[in-house]
Amino acid sequence: MGDISGEPSFYSNAEGYWKDVPPTVDGMLGGYGSISSIDINGSKAFLRKFLGEGEGKMNAGCALDCGAGIGRISKRLLLPLFKTVDLVDVTQEFLDKAKTYLGEDAKRVGNFFCIGLQDFVPESGRYDVIWIQWVIGHLTDDHLVEFLRRCQKALRPNGLVIIKDNVSYQGVVPDEVDSSVCRDLGIVRRLVASAGLSVVYEEQQVNFPKEIYHVHTLALQ
Ligand SMILES: C[S@@+](CC[C@H](N)C(=O)[O-])C[C@H]1O[C@@H](n2cnc3c(N)ncnc32)[C@H](O)[C@@H]1O
């Protein structure tokens, strides 16, 4: 199976793909808009384990939504839990939509960064949580590792990097349509470790449709 992430057009094809996708929840989820609530509720329960008072708990200060799209996760997960949220995405049209989609809460967005994660340098020590969902497959292995390293530097004390994404049964499965790859859990864990991060907690999202990839959430520090 060809690893399309090695091709020069890997990033430009993905950008072209997303430019043609409607700026809606259904667009963000490839036609599976109906699973958004299950996803958000699962993520809320996951994050709540780390929030609150006490030793080792993270602050509810500032979150970064990576590959944020129109802000589906910012709206229902991050803005309700954190004081400030920054969004980063490569597709300007989605970030433009986010400004209205987030409603009143858009006032609590610190920054809308339009840039690929492969080039993005998050500010050192700014974030309590860096949420990376359904976008790691758009980065090459090397770029993912380098991005995760930069994320670690961008965390505040007790902060977490969270990856929530599809995992394949085995190996790297390319998707020529949106120009991405789906990695198995072993590969994702190996890339995380090369970035110098450790998995502090991990869970599989339950109650998703049977025909889609398994989705795992990994909390990293
Ligand atoms: C499947 S959508 C997921 C959106 C959002 N994370 C969610 O779960 O609702 C993938 C998003 O990643 C963005 N994207 C694709 N390649 C990217 C890259 N290299 N850097 C940053 N964002 C990227 C797309 O524009 C799109 O908004």
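Look a little higher up for the structure.
Residues numbered from 1 in each chain as written. Predicted model: local features only at pLDDT ≥ 70, side-chain atom pairs only at ≥ 80, totals over all residues. Heavy atoms only, no water.

Engineer: What's the story with the pattern of salt bridges in this structure? I'm lost.
Structural biologist: Two side chains bearing opposite charge may form a pair once their charged atoms approach each other closely. The tally for this structure, following the rule as stated, stands at 10 salt bridges. Notably, a salt bridge pairs Asp86 with Arg126, separated by 2.8 Å at the nearest N-O pair. Taken together, the residues span a long stretch of sequence, with Asp86 in strand S2 (residues 84-89) and Arg126 in the loop between strand S3 (109-114) and strand S4 (127-133) at a distance of 40 residues. Here Glu202 makes a salt bridge to Arg189, at a shortest N to O gap of 3.1 Å. With Glu202 in strand S8 (residues 199-204) and Arg189 in helix H7 (residues 185-194), this residue pair connects regions lying 13 residues apart in the sequence. The class for Glu202 is partly exposed, based on a relative accessible area of 26%. The partly exposed category is assigned to Arg189, whose relative accessible area is 36%. (Salt bridge = Lys/Arg side-chain N within 4 Å of Asp/Glu carboxyl O. Helix = DSSP H or I, 4+ residues; strand = E, 2+ residues; numbered from the N terminus. Buried < 20%, exposed > 50% of the residue type's maximum accessible area, 1.4 Å probe, protein only.)

Engineer: Can you help me understand the site of the ligand in this one?
Structural biologist: Taken together, 19 residues surround the ligand, and among them Gly67, Arg72, Asp89, Thr91 and Gln133 come closest. Within the contact set of the ligand, an oxygen atom lies 2.6 Å away from a side-chain nitrogen or oxygen of Thr91. For the ligand, whose accessible area on its own is 600 Å², the fraction buried by protein is 97%. Per-class residue counts for the shell around the ligand are 10 nonpolar, seven polar and two charged. (Near = heavy atom within 4 Å. Polar contact = N/O pair within 3.5 Å; in protein donor to acceptor, adjacent residues only side chain to side chain. Areas by Shrake-Rupley, 256 points an atom, 1.4 Å probe, with all protein chains shown as cover. Nonpolar A, V, L, I, M, F, W, Y, C, P; charged D, E, K, R; others polar.)

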